[in-house]
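# Examining the three-dimensional arrangement
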Amino acid sequence: MAALHPGAVIGILGGGQLARMLSVAASRLGFRTHVYEPSPNPPAGDVAHEVTTAAYDDEAALRAFAASVDVITYEFENVPTSALDLLEAQVVIRPNRRALAVSQDRMAEKEFLSGLGLTVAPFARVTDAASMTAAVEAIGAPAILKTTRLGYDGKGQARLRAAADAEAALASMNGAEAVLEGFVTFSHEVSVIAARGLDGAVAAYDPGENVHRDGILHTTTIPARLTPGQRTDAVLIAARILNALDYVGVMGVELFVTQNGLIVNEIAPRVHNSGHWTQNGCAVDQFEQHIRAVAGWPLGDGGRHSDVVMENLIGDDILRVPDIAGERGAALHLYGKAEARPGRKMGHVNRVTKGA
Ligand code: AMP
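Calculation criteria
In this convention, every chain numbers its residues from 1, walking through the sequence in written order. Given that this is a predicted model, residues contribute local features only at a pLDDT of at least 70 and side-chain atom pairs are listed and counted only at 80 or more, while totals for whole chains, interfaces and linings are drawn from all residues. Note that the side-chain values use all heavy atoms of the structure and ignore hydrogens as well as water. Here a cavity denotes grid points, spaced 1 Å and computed from the protein atoms alone, that fit a 1.4 Å probe unable to get out, and a pocket denotes an open set having protein on both sides within 12 Å along at least 5 of 7 lines; residues with an atom within 4 Å of a point are the lining. Grid points are joined across faces, edges and corners, and a volume is the space filled by probe spheres set on the points. Only DSSP runs of H or I with at least four residues qualify as helices, and only runs of E with at least two residues qualify as strands; both kinds are numbered from the N terminus onward. Residue classes follow a fixed rule: Ala, Val, Leu, Ile, Met, Phe, Trp, Tyr, Cys and Pro count as nonpolar, while Asp, Glu, Lys and Arg count as charged, and any other residue, Gly among them, counts as polar. What marks off one domain from the next here is an automatic or database domain assignment. Only the six-membered ring of Trp is used, alongside the rings of Phe and Tyr, when aromatic pairs are assigned; centres must lie within 6.5 Å, and planes under 30 degrees apart are stacked while those over 60 apart are edge-to-face, with the rest tilted. Here the term buried applies to any residue with accessible area under 20% of the maximum for its type, exposed to any over 50%, and partly exposed to those in between, with areas from a 1.4 Å probe on protein chains only. In these notes, residues near a molecule or strand are those with any non-hydrogen atom within 4 Å of it. Each polar contact in these results corresponds to two N or O atoms within 3.5 Å; when the atoms are within protein, one needs to be able to donate a hydrogen and the other to accept it, and residues that are neighboring in sequence are counted only if both atoms are side-chain atoms. Under the convention used here, a 1.4 Å probe and the Shrake-Rupley method define accessible areas, while residue burial counts only the protein chains that appear.

In this model, the second largest pocket occupies a volume close to 150 Å³. Together, Arg213, Asp214, Ile216, Leu217, His218, Asn312, Ile314 and Asp317 line the second largest pocket. Elements supplying a minimum of two residues to the lining of the second largest pocket: strand E12 (216-222) and strand E15 (306-314). Here the lining of the second largest pocket gets 3 residues from one element, more than from any other, and that element is E12. Its residues assigned to classes, the lining of the second largest pocket shows 3 nonpolar, 2 polar and 3 charged.

In C-alpha cells:
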C-alpha cells in the first residue's frame, strides 16, 4: 500500500485517551479517524471524525467499519482475535497480528523476547497446582505470579514473599493460566518508546524513567538515569524487537535497570503512557509518529529539545487542574472524562523544565 493522502481515514480500535490523542495527531496531518468502541461517549469521540458504538462481536458493525477506513490501528492490545480475523480480511491492520499475539499473552511474550537473546526475568508457565509447585522449585521466592492474559496496571498479579505463599497466589488467579516470574532486584524502571516505519526505518525516543503508584504509572522523567552504555542498550533492545516483528507503528518497551544490565519487563504494541512527555519534549510526538508509520509516511524527527516530567492526573488529581494551569512550563492534556473515579486516568501534565 502506498502512503495515505490527506483525507484518508484511519480506523482506531478503542476510544480511550490514547485514541483521542492519536485522532488529534491524525487530524493535524489532514487525516480523518473513525473510532470503534463498545462503550458510549468515549474520550476519543470528542475529536474523531466518526465513531461506531458496537461490540467486538458485532460482525455487521465490524464489516461496515472496515469498509469505511483505509488502515486500522488500535489503542489497546486485547482486541478479540475473532474481530481481528474479520477486519483483517478487509483492510490492513498496523501494527501486525504477530505483535498483538506476542503482547496479548505473557508466556508468548517472554518466549519471544528470550528467543531474541534479550534478558527477561526467569519465568515458568503455571496452569495448575502441580505446575505451580514445579515453577516455585525452579524459580524460588520472592516471585510474582501474573495472569498470561488481560493483565494491566498491575492487575492480575500476586506476589510470593516465600514459597509458602504459592497456594494463595494460585487461588487468586481464579483458574486463569499464569506465568511465575522471578522477582527482579532493580534500581529503577525505564521505558523506550520506539517507532518503525513501513520502509523499515527505526527511530527511538530518549528513554524515560518511570515511577508507579498503586500499580499505575505516576510520573515519567526525561532524561532517565542511565549511563551512555545503558541508553544505547535500551535503544538497541527496542530496535531488535521492532525488526523481529516486522513492526509498523509505535511501541512501548518497559525495562528494569539492574546492576547486571537491562531486563525487559514487557512490551506494548501501541502508543504508551510513558511516552506522553514527547508531546512537549519533541518536534514530532509519539502520536504523530504512530500515525505517520501506519499511514506509510516517513518517520518524523523524535529528537528531544527539552527536559520533561510527565505526571498522570488520576481520579481526584483532576481537582488540581486550576492550580496546575497557572504553573510556568506546565502543559495540560485532559481527556474529557466526566466522572473522576479512583484509579481513573483523567489527564496528564507535562512540566517542561529546561532545554535539553
Ligand atoms: P507489569 O504489569 O508486568 O508491568 O508489572 C507492574 C509492576 O510490577 C512493574 O512496573 C514493576 O514495578 C513490578 N514488577 C513486575 N514484574 C516484576 C518482577 N519480575 N520483579 C520485580 N518487580 C516486578
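Right, let's talk about the domain arrangement of the protein chain for a bit. According to the domain assignment, the protein chain contains domain 1 (9-93), domain 2 (122-182) and domain 3 (188-355). Each of domain 2 and domain 3 has a C-alpha centre, and the two are 29 Å apart.

With the rule as written, the count across this model stands at 6 aromatic pairs. Geometrically, the ring pair formed by phenylalanine 186 and phenylalanine 256 is stacked, given 4.5 Å between the ring centres and 0 degrees between the ring planes. Here phenylalanine 256 lies in strand E13 (residues 249-258) and phenylalanine 186 lies in the loop between strand E8 (178-182) and strand E9 (188-196), a separation of 70 residues in the sequence. Looking at phenylalanine 256, the relative accessible area reads 9%, which means it is buried. For the pair tyrosine 205 and tryptophan 277, a centre-to-centre distance of 6.2 Å together with 80 degrees between the ring planes defines the contact as edge-to-face. Here tryptophan 277 lies in the loop between strand E14 (261-268) and helix H9 (278-281) and tyrosine 205 lies in the loop between strand E10 (202-204) and strand E11 (208-213), a separation of 72 residues in the sequence. On the accessibility criterion, tryptophan 277 (1% relative accessible area) is buried.

Backbone torsion omega between arginine 94 and proline 95 reads -5 degrees, so that peptide bond is classified as cis. Mapped onto the elements of the fold, proline 95 is located in the loop between helix H3 (81-88) and helix H4 (97-104). Geometrically, the link from alanine 141 to proline 142 is a cis peptide bond, its omega value of 0 degrees lying close to zero. Residue position: proline 142 is located in the loop between helix H6 (129-139) and strand E6 (143-147). Of note, asparagine 174 is a non-glycine position whose phi angle comes to about 50 degrees, a positive value. On the secondary structure map, asparagine 174 appears in the loop between helix H7 (166-171) and E8. The phi torsion at aspartate 246 lies on the positive side, around 50 degrees, for a residue other than glycine. Here aspartate 246 lies in the loop between helix H8 (228-244) and E13.

For the rest of this paragraph, the subject is the site of the ligand. Among the 18 residues in the neighbourhood of the ligand, the closest are listed as Lys146, Gln157, Glu181, Val184 and Glu189. A distance of 2.8 Å separates a nitrogen atom of the ligand from a polar backbone atom of valine 184. Separating an oxygen atom of the ligand from a side-chain N or O atom of glutamate 266 is a distance of 3.0 Å. Relative to its unbound accessible surface of 470 Å², the ligand loses 92% to contact with the protein.

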